[in-house]
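What the coordinates show
Below are the chains, spelled out letter by letter.
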Amino acid sequence: MPLPTPRGPVGPYAFVFWNDDLDDAGVLAQLREIAGAGFVGVTLSARVGLSRRVGYLTDEFLRLVRVAVDECARLGLAVMLYDEASYPSGSANGAVVARDPAFAARCLVPVTHDVEVPGSVPGDPADVGYWRPALGRDLDARLLAVVARRVGGTGGAGGGDAVLLPVRAPGLVRLDLAPGAWRVTAMFDAASGGTIRGAHAEEDDGSALAPPAADLLNPDAVAAFLELTHDAYAAALGEHLGTTVVAMFTDEPFLLGRGHRPLARPYTPGLEAEVASALSVEVAVVLRRLPELWDGEGTRPGGTDPDATGFVRDWDDAVRARLHGVYYDAQAAWCAAHGLALTGHPAEPDDLGTAARLHWPGQDTVWRWVVPRSAASRDEGGSSTGLDGPESTAPKVAASAARARGGAPAVTEVLGAYGWRLSLDEARWLLDWYLSRGVTTPVLHAFFSSVRGGRAFESEPDLGRWNSWWPHLPAFVGYVRRVAQLLDAAPPVWSVGVLSRADAVPSGPVVRALLEAQVDFGYVDRDDERAAAAYAVLVDPDDVPGAAALDVDGLKERLRAAGAPVVDAEPAAPDLRAVVLSDGAGYVVFHEGEAPVRTWLRLPSVPDDACWWDPFTDARHAVARDDEGRVLLELERRRTLALVPAAGHRVSPAVAVPGRRLDVTGWRGTVEKVVGDLRADAPDTVAPAELGLGDWSRLPGLRRLSGSVRYTVEVDVPDGAGAARLDLGVVGEAATVSVDGVVVGHALAAPYEVDLGTLAPGTRTLDVLVSNSAANWYEGDRRPSGLMGPVILSTSGPKPL
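These lines cover the structure that appears in this document, whether it is placed above or below.

Procedures and definitions
- Residues numbered from 1 in each chain as written.
- Predicted model: local features only at pLDDT ≥ 70, side-chain atom pairs only at ≥ 80, totals over all residues.
- Heavy atoms only, no water.
- Phe/Tyr/Trp six-rings, centres within 6.5 Å; stacked < 30°, edge-to-face > 60°.
- Helix = DSSP H or I, 4+ residues; strand = E, 2+ residues; numbered from the N terminus.
- Buried < 20%, exposed > 50% of the residue type's maximum accessible area, 1.4 Å probe, protein only.
- Lys NZ or Arg CZ within 6 Å of the ring centre and 35° of its normal.
- Pairing = 2+ DSSP bridges.
- Axes fitted to C-alpha atoms, helices over the stretch in contact; angles between N-to-C directions.
- Contact = heavy atoms within 4.5 Å.
- Parallel < 35°, antiparallel > 145°, perpendicular 65-115°, else oblique.
- Left-handed = near helix turned anticlockwise from the far one by under 90°.
- Nonpolar A, V, L, I, M, F, W, Y, C, P; charged D, E, K, R; others polar.
- Arc of directions from axis to C-beta.
- Salt bridge = Lys/Arg side-chain N within 4 Å of Asp/Glu carboxyl O.

**Comments concerning the packing of aromatic side chains**
- All told, the structure shown has 18 aromatic pairs when counted by the stated rule.
- When the ring of Trp 18 is compared with that of Phe 61, the centres are 5.9 Å apart and the planes differ by 75 degrees; the resulting orientation is edge-to-face. Taken together, the residues Trp 18 in strand β1 (residues 13-18) and Phe 61 in helix α2 (residues 59-75) connect sequence positions 43 residues apart.
- Trp 18 sits in the buried class, given a relative accessible area of 2%.
- An aromatic cluster is defined as three or more aromatic residues linked by ring pairs; in this entry it consists of Phe 15, Phe 17, Tyr 82, Phe 249 and Phe 448.
- Directly above the ring of Phe 521 sits Lys 396, whose terminal nitrogen or CZ lies 5.0 Å from the centroid.
- Taking the ring centre of Trp 494 as reference, the NZ or CZ of Arg 403 above it sits at 4.0 Å.

**Notes on the sheet that holds strand β18 (residues 521-525)**
- Pairing is parallel across the open sheet formed by three strands, whose spatial order is β18-β17-β19. Pairing within the sheet leaves two strands with one partner each, and these edge strands are β18 and β19 (537-539). Within this sheet the neighbouring strands show an average axis-to-axis angle of 35 degrees, counted without direction.
- Strand direction decides the pairing type here: strand β17 (residues 496-500) and β18, joined by five bridges, are parallel. Within β18, the residue paired with Val 496 across the bridge is Phe 521.
- The strands that helix α13 (residues 509-516) touches are β17, β18 and β19; relative to β18, the one it contacts most, it runs at about 150 degrees.

**Some words on the sheet that holds strand β38 (residues 792-795)**
- Strands sit in the order β28-β38-β31-β35 across an open sheet of four strands; the sheet is antiparallel. Strands at the two margins of the open sheet, each flanked by one partner only, are β28 (660-662) and β35 (753-758). The mean inter-strand angle of the sheet, taken between neighbouring strand axes irrespective of direction, is 30 degrees.
- Two elements, strand β31 (residues 723-727) and β38, share four bridges in a ladder whose sense is antiparallel.

**What about the packing of helix α5 (residues 271-279) against helix α7 (residues 310-337)?**
- Two elements in contact, α5 and α7, have axes whose closest approach is 10 Å; the angle formed by their N-to-C orientations is 115 degrees. Judged on the interaxial angle alone, α7 and α5 are roughly perpendicular. The two elements α5 and α7 meet at a crossing, and its hand is right-handed. Residues Leu 271, Glu 272, Glu 274, Val 275 and Leu 279 of α5 touch α7, and the partners they reach there are Phe 311, Asp 314, Trp 315, Ala 318, Val 319 and Arg 322.
- For the contact of α5 with α7, a count of residues per class yields seven nonpolar, no polar and four charged.

**Notes on the packing of helix α1 (residues 24-36) against α2**
- Packing of α1 against α2 leaves a shortest axis separation of 10 Å and a crossing angle of 30 degrees. Here α1 lies roughly parallel to α2, going by the angle between them. For the crossing formed where α1 meets α2, the hand is right-handed. Contacts between α1 and α2 involve Asp 24, Val 27, Leu 28, Leu 31, Arg 32 and Ala 35 from the former and Arg 63, Leu 64, Val 67, Ala 68, Glu 71, Cys 72, Arg 74 and Leu 75 from the latter.

**So, the side chain of Asp 425**
- Its location among the elements puts Asp 425 in helix α11 (residues 424-435).
- Sequence-distant contacts of Asp 425, that is, excluding residues within four places in its chain, are made with Arg 637, Arg 638, Leu 748, Ala 749 and Ala 750.

**Focus: the environment of Trp 667**
- The residue Trp 667 is located in the loop between β28 and β29 (668-675) in this model.
- Note on Trp 667: relative accessible area 7%, which makes it buried.
- Sequence separation between Trp 667 and Tyr 233 is 434 residues; the distance between their C-alpha atoms is 54 Å.
- With residues up to four places along the chain from it excluded, the contact list for Trp 667 reads Leu 691, Gly 692, Leu 693, Tyr 711, Thr 712, Val 713, Leu 766, Val 768, Leu 787 and Val 791.

**Details of helix α15 (residues 552-561)**
- Buried residues of α15: Val 552, Leu 555, Lys 556 and Leu 559, and no others. Take α15 and look down its axis: the buried residues cluster within an arc of 100 degrees, on one side only. Exposed side of α15, more than 90 degrees from the buried face: Asp 553 and Ala 561 are the residues found there.
- Where α15 is buried, its residues contact β17, α13, β19 and β20 (568-570).
- Of the residues one or two after α15, Gly 563 is the one with positive phi, at around 80 degrees.

**What about unusual backbone geometry?**
- Along the chain, Tyr 87 connects to Pro 88 via a cis peptide bond; the corresponding omega equals -5 degrees.
- Secondary-structure assignment places Pro 88 in the loop between β3 (78-85) and α3 (95-99).
- Here the amide bond leading from His 445 into Ala 446 is cis, since omega sits at 5 degrees, within 30 degrees of zero.
- Among the secondary structure elements, Ala 446 is positioned in strand β16 (residues 441-448).
- Positioned with a positive phi, Gln 518 is a non-glycine residue whose angle comes to about 60 degrees.
- Positionally, Gln 518 belongs in the loop between α13 and β18.
- Phi at Asp 583 takes a positive value of approximately 60 degrees, unusual for a residue other than glycine.
- Looking at the secondary structure, you find Asp 583 in the loop between β21 (576-581) and β22 (586-591).
- For Asp 583, a relative accessible area of 78% corresponds to the exposed category.

**A closer look at the pattern of salt bridges**
- Under the counting rule described, the total for this entry stands at 62 salt bridges.
- The closest approach of N and O atoms between Arg 465 and Glu 33, which form a salt bridge, is 3.2 Å. Taken as a pair, Arg 465 in the loop between β16 and α12 (473-489) and Glu 33 in helix α1 lie far apart in primary sequence, 432 residues in all.
- Salt-bridge contacts for Arg 142 lead to Asp 189; the nearest nitrogen and oxygen are separated by 3.2 Å. Placement of Arg 142 in strand β6 (residues 142-150) and of Asp 189 in strand β10 (residues 180-191) is noted, with a sequence separation of 47 residues between them.
- Take Arg 142: its relative accessible area is 36%, and that puts it in the partly exposed class.
- Classification of Asp 189 by relative accessible area gives buried; the value is 3%.
- Through salt bridges with shared partners, a single network forms among Asp 21, Asp 24, Arg 53, Glu 60 and Arg 63.

**Concerning the environment of Phe 616**
- Mapping Phe 616 onto the fold places it in the loop between β24 (610-614) and β25 (619-621).
- With 135 residues separating them along the chain, Phe 616 and Arg 481 place their C-alpha atoms 9.8 Å apart.
- In contact with Phe 616, other than residues within four places in its own chain, are Arg 428, Ala 475, Phe 476, Tyr 479, Arg 482, His 746 and Leu 748.

**What to know about α13**
- Within α13, seven of the eight residues are buried, leaving the element largely enclosed by the surrounding structure.
- Of all the residues in α13, the buried ones are Val 510, Val 511, Arg 512, Ala 513, Leu 514, Leu 515 and Glu 516.
- Looking one or two places after α13, you find Gln 518, whose phi comes out positive at around 60 degrees.

What follows is the structure, given as structure tokens:
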């Protein structure tokens, strides 16, 4: 699959949910807000709640898509098109199966029957019994094979004593078996019964109108999907494909659909012949072994079991190969022919092989699968969702697959369904978690067109206008964009390759040891010799016993011997993630922990004009080194610094210790923005004319206020005050600071400190816009809200005599 012509801008994209009735004005207003917030692009998606008037893939829907893409072209926003109505992808909101019911997702389903065959009595021939297996009242189910396995025998280990029984009219199985106990399994080819989440409110999970999932292993069904969806977009958007429209996003295709039959295993007619061909055996041999598919624990949503061995592994490999060829490769070919990239993510977070079928490989992290680990958890030796388990591998899977494709952008869908309690503090940690591992194109989930009715609780939160911290989002987006573009311009150096299975890369102690020792790495398919050759050192987790620790020091010596760059933190700093930029462009250090870090970095080289660049504030300050050439790193939680050449930029001296404090008492706060209705609990509630410092959620009438309050104070600045820093103390939850009406900084996570620069002498007006959690309104939480302080304004000037 050649890389498509347009590469598309890297950086943050906004995942836009069209989830209600739409008109041109609403569509355009939302896009303009997104562009104003600093996003590089949008992912346009129909979503549960879309009105029937608009419909999905109707003339009106496609007209609105054209209106949106025309506006994106004017605004300079790149566009990813989402290929389904809600998810999982591949069914065109049920239109594929509506075209031909034979295109519904298929499966194998077992029906079992236990038989005790008595020994024969001389002179009394045994009576051979019959069984008529049936899959309920399913008239369309096809009986594929009937296999008897001796109870306690070896039928599950190579099919040694399994017997393939003939089926006789009208569907009877003659139980002509040797004496003993047998389990007879009839395997039916049937519709899986799986569905997708549809576009309209009445088409969600559990509804009789939920759209049926399509057979993604059937080339004709996939061709229908491409015609109904992709061709419709091409006809509507024409010249925008390959220019404004840069990619098609396919979302975790499930082979069986959602809510499928119990015990279903992925299937499409003829799959048994493909397995037989791959194993160089007769089809009858494969049929005889099919009951083994149900000997294990079952499959993951993607339809396969990464722990499977033997025949089950062979079957799963055939299923994956067919999915890759029939579904992903057909989509990729269509996209390449139209100048687009195929992107999105597979059903499983650790599936390197499937991610690699995408031009822009991706993964997703939603539903609070990964969260920051508290300092208490680390002290108690608790596990970390960011370091352990399949979900912890998602960023490196996407970035490694992208690296194997020659440096394509790596994509993530992130923040979705984290709930209204999601804070910008937590969002910063999650985006750093992805960026530090090499993902440069995050799709932020999601920006709701509407929160009417239950829409506010469908994969919430909204990250846009319906969220109380929307005024602060541009600062966050700008930070993500700057880091992503830095990593794209000088791709990280990965000298270590972690050998992995294509369908389930490892997490655990080896990977954790590398990350905590600032050794960056990529996953590499152990069967891909070309990809493995790109790494200086290969590490095989299978070679490290479970109770043993990876010899990181020895590994670093091997890297030095190979001429690879090595970063050492002295003392050790396991919460740091260090990225070495290519072509000597510098280093980026992310903080994944909770406590401040002070350490010395021993680096392979440091430019003479090196400075620390803070990509959040866009400020640069001087570097301190010791006699050994080590670089001092002091880093607070939720902070990132890049050690890069100054390249003519203004560099401030190292931050000075504050010398004096200025009086900042008398803060006055006024409510500036409200999410929801203050009068929902009490009709006569009105916002107070003025608030002081403190938690406004504790005030009468403001228990459920989610929104923003602007706090103002005047301060007398003496001559020679020098550089000033404002420490806001406790804040709930995000703050933007202005001096005399000019924004000078943002504080989205503790510690809530903002450098104000040098204040001119005289009376200065400080104001702090504070926004609390939207959960107070939507969930009835009582999360701390407002500017609680204590607020301290320090300057570097001398203390007064």
